Amino acid sequence: MQKIINGKAYVLGDNIDTDQIIPAEHLVYSLSDPQESKKYGQFALSGVPRERAGLPDGGVPFITDGNYESEYSIIIGGSNFGCGSSREHAPFALQKAGVKVVVAESYARIFYRNAVDGGFIVPLETTEILKTALKTGDAIEINLNTLKLTNQSDGQTYTLVHPGDVLPIIEAGGLFQYARKAGMIEG
Amino acid sequence: MPMTITEKILAKASGRDAVKPGENIWLNVDTLMTHDVCGPPTIQIWKDEFGGQAKIWDKQKLVIFPDHYIFTNDPHANRNVSILRQFAQEHQLPNYYDVGGERYKGVCHIALAEEGFNRPGTVLIGTDSHTCTAGAFGLFATGVGNTDAAFILGTGKIWEKVPESMKFIFEGEKPEYLTAKDFILQILGDITTDGATYRAMEFDGRAVYDLNIDERMTLTNMAVEAGGMNGIIAADARTEAYINERSSQPYTVFKSDADAGYHSVYEYKASELEPVVAQPHSPDNRAVVRKVQGRKITKAYIGSCTGGKMADFVAAARILKDREVKVPTFVVPASTAVARQLKEDKVNGKTIHQILSDAGCVIAPSSCAACLGGPADTIGRSVDKDVVISTTNRNFPGRMGSKQAEVYLASPLTVAASAVNGVITDPRDAMG
Ligand code: SF4
C-alpha cells in the first residue's frame, strides 16, 4: 500500500451525501464493464450544488466536461461525509475519478465501511477543521506512516487520526484481501 | 453483565456470552437482503472473489426484491432486473420475488416484514441503508454495501463494531394529530444527521408501544438519517402476533436490562410535541409546522418505505375524505399488499383507494418511485424548482429528482392537509 500520497485538494463542506457523490439516476451503469464503469468517474460529485463545489469559492467543476477523471485526487470534507444511501457506487465513483484519499472530520458508517471493505479509497479522519484551512487546488502530501497532512502551498501541517482496528483491512486493500491473508477464506 | 437489546443480539450472533461497545466482532448473519440496484454488483463481486468455487452460504437466508427502478424504459435499469432473474433461476433461489407477476412485492423493507423475515433476536443485513427498518421487530438490522454483501453471500459472516446505544423514550399518550414521523423528525432535529453515527438507536416508552407495527417501522426506518447503525424496538405481544401469522421459524425476544449502559437517554412527553417538518435540504432541519405554514407547495407525495404503509394512507385518508387536493398529489403504496388493502379497507363505506382517488390523487403502482428520483420517466419525480411536501425520509439536494427542487419531509397527516390547501398546513387545522 502506498504510504505517501501527493495530489491536489478538492474542498467540500459538511454532510456530503451519497446523492451528491453520485446522483441516483446514474446508479444503473455496470460496475464491472471497463468502458461503462468509466461513467461513474464522469459523474462523480456531480450532485454537489454549484456554489458548494470546490470551496472556498465554489463553482469549481470537479471534472471538466467530457472527462472521466479529475485533476483532484484528495478530497477534503467536513463532518458526516458520505451520509445517505448504502450505495457502494459512491466510493467507487470517487476511485474511478482518480481520488486516492478522503480526509474528513467524520464519516457516515456505511460509506466508511464501503470505502475500506471495497478498497476503493482511503478514508482518513482528522480532528482539525480542514474544510476552512485548505483551499481547492492546494498541493497536498499525506504521509500514512506519520499520519500527517502537509499543505505544500504554505507548509502547514495537520494531524490525522489513526484508523484503529480497520487498518489491517485498509493495508490489505479490502475485505476479501484481508480475509484471504487471515485464512478466513481460501484462494 | 447488564446489556442493551442490541448488545444481547450481537452477543448471540457472535457466539459470546457478552459483548461491549467498541469491540470488533464477527457475526453470523440470519438474513441477507438485496435489491435491483445493489444485487447485480454484489453478485459480480461474489463471482469475481470466490471464483469457480463461489457457493451461496445458505439459499434459505438470501432474500431478493427488485423494487427500485422497475417501471421504467431505462435499458440499464431493466438489465439489472434481468441479472437478478437469471441468478435466481440458475441457483433455484426460494426467496426471489420477481417483478411483473404475482410474486412481486414492492419496496424491500416493507416486503421483508410482510413475508415474515423480520424475526426478533436475529441479524438481518441488507444492501440498502434503510435496512434498519426491520429493527422495529426487535432484531439487529443494518445496511451495508456490495462488498460486505458479497462476503456474506459466500461466508454468512460480517464484521461489526459493537455500537454504543442511545435511548429515546416517548412517554404518555400520542395525540391524534401526531404520527411516528413527527417523533423521528423531532429526534433528528435534536441530535442532527450525525448524532447517532456508529450507534444503536433504541426506542421505548408507552407512546412507542402504543404504535402499530407500520408506525414503529417509520421510527426505525429513519435511524440511518441520524447516522445510526440500527434502530430497535423490543418485541412485544403485537410484534409476536404479527410474526406468528407470517413465519414458523424460531425467534428469540430480547429486552434491554434495566441497568444497561447507554451513551445518552432522551425523554419526550408525547402530548407536548407538535407536528413538525424537515425543511430543505436536510432531514434534521426541523421546524414546527406552525412556523412554516402558508409556504406554497407545487407537489405532494405520499409513499416510500417510510411513508407509504397502510397506516400512512389511513392517516392521509382521514384528511382527504370528501376533499380535493390543490396540487398534484402522488400516492405510491410501499407494497403490493398495501395497494390491495387500500382497495379493501373502508371508512364510512368508501375504500381508502376511492377516498384518495376521489380527492384527486394519482395512485401509482408500488415501488420506490420518486423517493430517490430515479430515471427521468419516474412517476412523481420532482422537476425544476418544484416545492414538494413528502412522507419520504430524505430531502438532500436532488434526492427526489431535480437539484433545484425543495423537499419538505412531514407526516402523512401534514402532507395531506398541505395538499388540500396548496400550502404547508398544520394537520390540526384540517382535522376538524
Ligand atoms: S422507498 Fe425510498 S428509502 Fe425506501 S428503499 Fe426505496 S428508495 Fe430507499
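Since we're looking at a predicted model, the values are computed, not measured. (Residues numbered from 1 in each chain as written. Chains lettered and ligands numbered in written order. Predicted model: local features only at pLDDT ≥ 70, side-chain atom pairs only at ≥ 80, totals over all residues. Heavy atoms only, no water.)

### What about the sheet that holds strand β5 (residues 140-143) of chain B?
Residues and elements named next belong to chain B.
Inference 1: Taken in spatial order, the four strands line up as β3-β2-β4-β5 in an open sheet, and their pairing is parallel. The sheet is open, and its two borders are formed by β3 (62-65) and β5, each paired with just one other strand. On average, adjacent strands in this sheet sit at an angle of 20° to one another, irrespective of strand direction.
Inference 2: Here strand β2 (residues 31-35) runs beside β3; their pairing, made up of four bridges, is parallel. Looking at the pairing, H35 lines up with F65 of β3. (Pairing = 2+ DSSP bridges. Helix = DSSP H or I, 4+ residues; strand = E, 2+ residues; numbered from the N terminus. Axes fitted to C-alpha atoms, helices over the stretch in contact; angles between N-to-C directions.)

### What to know about the domain arrangement of chain B
All names here are of chain B.
Inference 1: The assigned domain composition of chain B is domain 1 (5-248 + 260-267) and domain 2 (277-431).
Inference 2: Inter-centroid distance (C-alpha atoms) of domain 1 to domain 2 is 24 Å.
Inference 3: Opposite the 39 residues of domain 1 that make contact, domain 2 presents 40 residues.
Inference 4: Between domain 1 and domain 2, the buried area comes to about 3100 Å², and carbon and sulfur atoms account for 60% of it.
Inference 5: At the surface where domain 1 touches domain 2, the tally comes to three salt bridges.
Inference 6: The partner of R286 in a salt bridge is D190, with the nearest N and O atoms 2.8 Å apart.
Inference 7: At the boundary of domain 1 and domain 2, one finds 25 residue pairs in polar contact (both at pLDDT 80 or more).
Inference 8: Of all the elements in the fold, those that place two or more residues in the side of domain 1 that touches domain 2 are α4 (108-114), α6 (180-191) and α8 (213-221).
Inference 9: At seven residues, α6 tops the list of elements feeding residues into the side of domain 1 that touches domain 2.
Inference 10: Its residues assigned to classes, the side of domain 1 that touches domain 2 comprises 13 nonpolar, 15 polar and eleven charged. (Domains from an automatic or database assignment. Contact = heavy atoms within 4.5 Å. Buried area = accessible area lost by both parts, 1.4 Å probe. Salt bridge = Lys/Arg side-chain N within 4 Å of Asp/Glu carboxyl O. Polar contact = N/O pair within 3.5 Å; in protein donor to acceptor, adjacent residues only side chain to side chain. Nonpolar A, V, L, I, M, F, W, Y, C, P; charged D, E, K, R; others polar.)

### Section: the environment of Y10 of chain A
Residue and element names in this part refer to chain A.
Inference 1: Looking at the secondary structure, you find Y10 in strand β1 (residues 4-11).
Inference 2: Note on Y10: relative accessible area 1%, which makes it buried.
Inference 3: With 75 residues separating them in the primary sequence, Y10 and S85 have C-alpha atoms 22 Å apart.
Inference 4: In this structure, Y10 is in contact with L45, A53, G54, V60, P61, F62, Y72, I74, I75, I76 and T136, ignoring residues within four places of it in sequence. (Buried < 20%, exposed > 50% of the residue type's maximum accessible area, 1.4 Å probe, protein only.)

### A few points about the site of the ligand
Inference 1: Inspection of the region around the ligand gives H68, V107, H109, D128, H130, S304, C305, C368, C371, L372, N393 and R399 of chain B as its neighbouring residues.
Inference 2: A domain-level breakdown of the shell around the ligand finds at least three residues from each of domain 1 (5-248 + 260-267) and domain 2 (277-431) of chain B. (Near = heavy atom within 4 Å.)

### Some remarks on the UniProt feature "domain: Aconitase A/isopropylmalate dehydratase small subunit swivel" (unreviewed entry) in chain A
Inference 1: If you check UniProt for "domain: Aconitase A/isopropylmalate dehydratase small subunit swivel" (unreviewed entry), the listed places come out as residues 72-126 of chain A in our numbering.
Inference 2: This span, residues 72-126 of chain A, is 31% helix and 22% strand, and a straight line between its end C-alpha atoms measures 19 Å. (UniProt positions renumbered as here; feature names shortened; annotations may be inferred.)

### As for the side chain of H35 of chain B
Inference 1: Checked against the element boundaries, H35 of chain B lands in strand β2.
Inference 2: Residues contacting H35 of chain B, with those up to four places away along its chain left out, are P40, F65, D67, H68, L84, C108, T127 and D128 of chain B.

### Considering the sheet that holds strand β7 (residues 164-171) of chain B
All names here are of chain B.
Inference 1: Pairing is parallel in the open sheet, where four strands are placed in the order β9-β8-β7-β10. Of all strands in the sheet, those bounded by a partner on one side alone are β9 (230-232) and β10 (264-269). For this sheet, the mean inter-axis angle between neighbouring strands, taken without regard to orientation, is 20°.
Inference 2: Relative to strand β8 (residues 199-204), β7 runs parallel, the two being bridged by six bridges. Counterpart to E164 in the pairing with β8 is R199.
Inference 3: Each of β7, β8 and β10 is contacted by α6, which is oriented at about 130° to β7, the strand it contacts most.

### Brief notes about the environment of V99 of chain B
Residue and element names in this part refer to chain B.
Inference 1: Residue placement: V99 occurs in the loop between α3 (75-90) and α4.
Inference 2: Residue classification places V99 among the buried residues on the basis of a relative accessible area of 15%.
Inference 3: The spacing of V99 and M3 is 96 residues in sequence and 42 Å in space, taken between C-alpha atoms.
Inference 4: Leave out the neighbours within four places in its chain, and V99 touches P66, I70, F71, V81, R85 and Y104.

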